[in-house]
Amino acid sequence: MAVAPTMASPSPLKFVSRTSFESMGFLSYVPRSFKSSHFSKKPLSISIPRRPPRASLQEVRAVEAPAESVAGFDEMVSGTQRKYYLLGGKGGVGKTSCAASLAVKFANNGHPTLVVSTDPAHSLSDSFAQDLTGGTLVRVEGLDYPLFALEINPEKAREEFRAASQKNGGTGVKDFMDGMGLGMLVEQLGELKLGELLDTPPPGLDEAIAISKVIQFLESQEYSMFTRIVFDTAPTGHTLRLLSLPDFLDASIGKILRLKEKINSATSAIKSVFGQEENKQQDAADKLERLRERMIKVRELFRDTESTEFVIVTIPTVMAVSESSRLHASLKKEHVPVKRLIVNQVLPPSASDCKFCAMKRKDQMRALEIIQNDPELAGLNMIQAPLVDVEIRGVPALKFMGDIIWK
Ligand SMILES: Nc1ncnc2c1ncn2[C@@H]1O[C@H](COP(=O)(O)OP(=O)(O)OP(=O)(O)O)[C@@H](O)[C@H]1O
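Only a predicted model underlies this, so the values are computations on that prediction, with no experimental measurement involved.

Caption draft 1: Representation of the overall build of the protein chain in the model. What the protein chain contains, in helices and strands, is 18 helices and eight strands. Out of the 407 residues in the protein chain, the part that is buried amounts to 53%. Residue pairs in contact within the protein chain that sit at least 24 positions apart in sequence constitute 81% of those at least 6 positions apart. Looking at the protein chain as shown, the accessible area adds up to about 19800 Å², and 55% of this sits on carbon and sulfur atoms.

Listed below in structure tokens is the structure:
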């Protein structure tokens, strides 16, 4: 039987007002260009309640965090062995804000931290209000401890790769791929003439590039300092592909290899009589198999409950909750550890007579109730994060958000 939502439903919510940000000096971090370009133009024609009135003390007390709503940050932060956190969910729910705020919190707790975006539509730079593009490690400014960001740009990588392969028949490819941390891929797939293949990139290549960076983390000295690695992942579909990459390799590169074999055997039928081509192809197939084994190692890492956790981010709408439920089912199937579910953008209770707010909140309460009754989601530690009345941009804002969510 459905349980009606009550004011005592689990929530760490406190009323978060613009004033709270102002008192932290947050607004002074909004870049001038943003202020002028976004505020001086035509006012919006729809009316959005800018500042819900303060909830009564009684209301705030009623929704203060009960035990199950605490994220368990102590556990997340403890230990110096490397841990990976992957944050994922539907587009636009706040994955980047949550991932960036977690990374800031880890760094502020003394962990050398790396935050990586594997979403082809990156928003880490926007979230930190700093230019973090370029596909290399960039230090995030404004923190006392090391926090680095990396936006993997598969689109650009593919373009540059194609150009390099056209320019000098492949020797530039190796240099370029080395720079991308993909030397291993070239080594292992060299004989497959990836440059040609990239003219018709197989689905899932973006994820292959992202995952190869993960391999680099595991092997390279440059990355060994990081004890916390936070992934801001692409919306659900991409992420699932990334996590099932060995299968992707079977399905995509495997198919290409077989296709190539067919073409080769057609064009070099005479040579193959002497056995040379076959040997060559067997060699390539062996290399591909080795690559696959390596990718499987990465997948094992993502399944390791000691070092890895996938945090699902959602918002309290029926659509987002349904998708999160499916995501959890798929992650379970892939044996990826999931313990926490962030429900972001929850409206604070309001004592005002704003009908819009009341309706919206009622709707959200219904979605929260669905979560509590959903067989996939009910068992997760639900962390509610309030909808705040300013955009979360820059380190101080992320710190503010992190202190609310990650307790
Ligand atoms: N709790 C919140 N309160 C107010 N605004 C929020 C909150 N969480 C996120 N936002 C805002 O919502 C927008 C989208 O957030 P974010 O970029 O983190 O989402 P995302 O899931 O990473 O999106 P995408 O799928 O497009 O990468 C941003 O403008 C962000 O500032």
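Caption draft 2: Summary view of the packing of helix α5 (residues 95-108) against helix α18 (residues 395-405). Following both chains from N to C, one finds α5 and α18 inclined at 90°, their axes separated by 8 Å at the closest point. Comparing their axes, α18 and α5 come out roughly perpendicular. Contact with α5, carried on its side by Ser97, Cys98, Ala100, Ser101, Val104, Lys105 and Asn108, involves Leu398, Lys399, Met401, Gly402, Asp403 and Ile405 of α18 and no other residues of that element.

Caption draft 3: α5, seen in detail. If you check α5, its first and last C-alpha atoms are 20 Å apart, about what 14 residues at 1.5 Å a residue would give, namely 20 Å. Of all 14 residues making up α5, 13 are buried, and the element is well covered by its neighbours. Downstream of α5 by one or two residues, Gly110 has phi in the positive range, about 90°.

Caption draft 4: Examining the packing of aromatic side chains more closely. Tallied over the full model, the rule gives five aromatic pairs. With a centroid separation of 5.4 Å and an interplanar angle of 35°, the aromatic rings of Tyr85 and Phe106 are classed as tilted. Pair noted here: Tyr85 is in strand β1 (residues 83-88) and Phe106 is in helix α5, with a separation of 21 residues, a long-range link. Under the relative-accessibility criterion, Phe106 is labelled buried at 0%.

Caption draft 5: Here's a closer look at the nonpolar core. Counting residues in each nonpolar core, the largest one holds 39 residues, and the members touching the most others are Leu87, Leu102, Phe128, Leu147, Ile342 and Trp406. For this core, the secondary-structure elements that each account for two or more residues are α4 (73-77), β1, α5, α6 (124-128), β4 (147-151), β6 (308-314), β8 (381-386) and α18. Looking at which element gives the most residues to this core, the answer is α5, with eight residues. In this structure, Leu341, Val343, Leu368 and Ile371 belong to the second largest nonpolar core, which totals 31 residues.

Caption draft 6: Region of the structure containing the site of the ligand. Around the ligand sit 17 residues in total, of which Lys95, Thr96, Ser97, Asn344 and Pro386 are the nearest. One nitrogen or oxygen atom from the main chain of Val93 is found 3.1 Å from an oxygen atom belonging to the ligand. At a separation of 2.9 Å, a nitrogen atom of the ligand approaches a polar side-chain atom of Asn344. For the ligand, whose unbound accessible area comes to 630 Å², protein coverage reaches 79%. Only α5 and β7 (338-346) provide two or more residues apiece to the shell around the ligand. Sorting elements by how many residues they give to the shell around the ligand places α5 first, with three residues.

Caption draft 7: Examining the side chain of Asp232 more closely. Within the secondary structure, Asp232 is located in strand β5 (residues 228-232). Buried charge without a partner: Asp232 forms no salt bridge, and the closest opposite charge is Lys95, 5.9 Å away. Of the polar contacts made by the side chain of Asp232, one reaches the side chain of Thr96; its length is 2.8 Å. What Asp232 contacts, discounting residues up to four positions off in sequence, is Leu87, Lys95, Thr96, Ala99, Val116, Ser117, Thr118, Asp119 and Leu124.

Caption draft 8: Region of interest: the environment of Val388. Counting through the fold element by element, Val388 comes out in the loop between β8 and α18. Accessibility expressed as a relative area gives 15% for Val388, which makes it buried. With 43 residues separating them along the chain, Val388 and Gln345 place their C-alpha atoms 7.3 Å apart.

Each value, and the rule that gives it
- Residues numbered from 1 in each chain as written.
- Predicted model: local features only at pLDDT ≥ 70, side-chain atom pairs only at ≥ 80, totals over all residues.
- Heavy atoms only, no water.
- Helix = DSSP H or I, 4+ residues; strand = E, 2+ residues; numbered from the N terminus.
- Buried < 20%, exposed > 50% of the residue type's maximum accessible area, 1.4 Å probe, protein only.
- Contact = heavy atoms within 4.5 Å.
- Areas by Shrake-Rupley, 256 points an atom, 1.4 Å probe, with all protein chains shown as cover.
- Axes fitted to C-alpha atoms, helices over the stretch in contact; angles between N-to-C directions.
- Parallel < 35°, antiparallel > 145°, perpendicular 65-115°, else oblique.
- Expected span 1.5 Å × (residues − 1).
- Phe/Tyr/Trp six-rings, centres within 6.5 Å; stacked < 30°, edge-to-face > 60°.
- Core = buried A, V, L, I, M, F, W, Y, C linked by side-chain atoms within 4.5 Å.
- Near = heavy atom within 4 Å.
- Polar contact = N/O pair within 3.5 Å; in protein donor to acceptor, adjacent residues only side chain to side chain.
- Lys, Arg positive; Asp, Glu negative; His and termini not counted.
- Salt bridge = Lys/Arg side-chain N within 4 Å of Asp/Glu carboxyl O.

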